[in-house]
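Below are the chains, spelled out letter by letter.
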Amino acid sequence: MVRRYHRRSAVDRGSRAVPSAEEPQPSQVHAATRGRVSVITLDRPKAINALTLDMIRDLDRLIAAADADPAIDVIVLRGAGERGFCAGGDMVSVRTGALAGDPTTHEFFLEEYALNARIARCATPIVALMDGLVLGGGVGLSGHASHRLVTERSKVGMPEVGIGFVPDVGGTWLLSRAPGQLGTFVALTGDHVGPLDAIELGLADAMVPSGQLDAVVDRIVAGEHPDAVVASGTRDTSGSALAAHRGWIDSCFAGDDVAGIVGRLGVIDDPAARHAADVMATRSPTSLVVTLAMVRRARFLASLEACLALEYSAVLPSIGTHDLSEGVRAALVDKDRRPVWQPPRLADVSAAEVAAFFRRFDEGETSIDDFC
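Residues numbered from 1 in each chain as written. Predicted model: local features only at pLDDT ≥ 70, side-chain atom pairs only at ≥ 80, totals over all residues. Heavy atoms only, no water.

Trainee: Any chance you could break down the overall build of the protein for me, citing the residues and the numbers?
Mentor: A count of helices and strands for the protein gives 18 helices and 9 strands. For a compact globule of 372 residues, the expected C-alpha radius of gyration is about 21 Å, and the protein comes in at 20 Å, within 12% of that figure. C-alpha extents for the protein along the principal axes are approximately 60 × 50 × 40 Å. Every one of the 372 residues in the protein was classed for burial, and the buried ones make up 55%. Contacts spanning at least 24 positions in sequence make up 75% of the contacts within the protein whose residues lie at least 6 apart. Here the protein has roughly 14,700 Å² of accessible surface; of this, 54% comes from carbon and sulfur atoms. Between the centroid of the 37 positive side chains of the protein and the centroid of its 48 negative side chains there is a distance of 2 Å. (Helix = DSSP H or I, 4+ residues; strand = E, 2+ residues; numbered from the N terminus. Rg over C-alpha atoms; globule rule 2.2 N^0.38 Å. Buried < 20%, exposed > 50% of the residue type's maximum accessible area, 1.4 Å probe, protein only. Contact = heavy atoms within 4.5 Å. Areas by Shrake-Rupley, 256 points an atom, 1.4 Å probe, with all protein chains shown as cover. Lys, Arg positive; Asp, Glu negative; His and termini not counted. Charge placed at Lys NZ, Arg CZ, Asp CG, Glu CD.)

Trainee: Got a sec to walk through the confidence of the model for the protein? Specific residues and values, please.
Mentor: Low pLDDT marks regions whose predicted coordinates should not be analysed in detail. Mean pLDDT for the protein: 93, with 93% of residues reaching 70 or above. Confidence drops under a pLDDT of 50 for residues 1-22, and excluding neighbours within four residues, the segment shows 63 contacts in the predicted structure. (pLDDT = per-residue confidence, 0-100.)

Trainee: Break down the sheet that holds strand 2 (residues 37-42) for me, citing the residues and quoting the values.
Mentor: One open sheet accounts for 6 strands, arranged 1-2-3-5-7-9; its pairing is mixed. Each edge of the open sheet is held by one strand with a lone partner, namely strand 1 (29-34) and strand 9 (206-207). Pairing geometry for strand 2 and strand 3 (residues 74-79), over 6 bridges, is parallel. The residue of strand 3 that forms the bridge with Leu42 is Gly79. Those strands touched by helix 2 (residues 53-68) are strand 1, strand 2, strand 3 and strand 5 (126-130), and its axis lies near 175° from that of strand 2. (Pairing = 2+ DSSP bridges. Axes fitted to C-alpha atoms, helices over the stretch in contact; angles between N-to-C directions.)

Trainee: Describe the packing of helix 4 (residues 105-121) against helix 16 (residues 304-319), naming the residues involved and giving the relevant values.
Mentor: The N-to-C vectors of helix 4 and helix 16 enclose an angle of 165°; their axes lie 10 Å apart at closest approach. Taken together, the axes of helix 4 and helix 16 lie roughly antiparallel to each other. In this structure, helix 4 crosses over helix 16, and the sense of that crossing is right-handed. Contacts from Thr105, His106, Phe109, Leu110, Tyr113, Asn116, Ala117, Ala120 and Arg121 in helix 4 reach Leu304, Glu305, Leu308, Glu311, Tyr312, Val315, Leu316 and Ile319 in helix 16. Here the contact of helix 4 with helix 16 is built from residues that sort into 11 nonpolar, 3 polar and 3 charged. (Parallel < 35°, antiparallel > 145°, perpendicular 65-115°, else oblique. Left-handed = near helix turned anticlockwise from the far one by under 90°. Nonpolar A, V, L, I, M, F, W, Y, C, P; charged D, E, K, R; others polar.)

Trainee: With reference to specific residues and values, describe the sheet that holds strand 8 (residues 155-157).
Mentor: Pairing is parallel across the open sheet formed by 3 strands, whose spatial order is 4-6-8. Each having just a single partner strand, strand 4 (84-86) and strand 8 make up the two edges of the open sheet. Recorded for the sheet is a direction-independent mean angle of 15° between the axes of neighbouring strands. With 3 bridges connecting them, strand 6 (residues 133-135) and strand 8 associate as parallel partners. Following the sheet pairing, Leu135 is matched in strand 8 by Gly157.

Trainee: Let's hear about the pairing of strand 1: which residues, and what values?
Mentor: For a regular strand, side chains alternate in direction, first toward one face of the sheet and then toward the other. Two strands pair when backbone bridges link them, and strand 1 and strand 2 are joined in this way by 6 bridges, in the antiparallel orientation. By the bridge assignment for strand 2, Val29 is matched with Leu42. Here strand 1 folds back onto strand 2, and the loop between the two strands holds 2 residues, one of which, Gly35, carries a positive phi near 60°.

Printed below as a string of structure tokens:
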């Protein structure tokens, strides 16, 4: 379902002092004006457009400029290359900075979350073309856009628990509001889902063929309303794998205890349930427990910005943990896929450890003001 289509008057949009979209563009984010459409492209294809801090800053500047420009009616956000829209944040650089004791590592997340909030409140419609891999930070860019198109090639996910991290970029806002326990399932397994699953989860609005994405942009440039573009795509999720397994997912992933979820999965006579249990056994125990607590708390927060503040509170202590360093090493540096977590078992994750991830939020050190 398309969630909004806000328009401001030319006077309102032209009144903000924001850099012009016509300024020279950086090499890894490009903006091109086509008629009344600003096409913003992530251009780091060898890294599947993984976000660096410079890219985040450039995206924020370009989106702000387009939103303020009375000559721009629509923003299109897409990724260069054939592999994906965006594979997330550059967590190798985050790990390197953390190991080196770089005190500015937190700025990456603070500015990324502010960008996510900007996208969500952008008055100019943003059409996100979610082709190929759309992971982590890629969901933060696309999931908060007003119009979100996946393709048959899309693989969407929040895989943070697999690298000793936690869902962020407003992922807790999105996943906590997915139907039933589907969002909890995605958060705790960290598995990728297909295009129809992404629509079922509420992370996308419609599916279009990947070979027609350029034509989609041409239609928007020609003046077709983004609502009409979405309406012309596939929105029927009857073929969604998540929808097919909704019964046992809702039953098993209820509650506030990860061990209880794993236990319930173990008695379900379904290969998909056994796969979910097996996958969760490979994830960071600390990340699993903290993630479940985040998703549960996010359900009762009133805004995306509040969820971002909650996430930022949890991310700050995560940056320096053994599990994040080890998870990134195993998945992205050495690529041996054999992380050694500390602690290694769910039973060893203490309540005090979990509470530490939320201290800044609970004590008001992180708040919605950081992202408005």
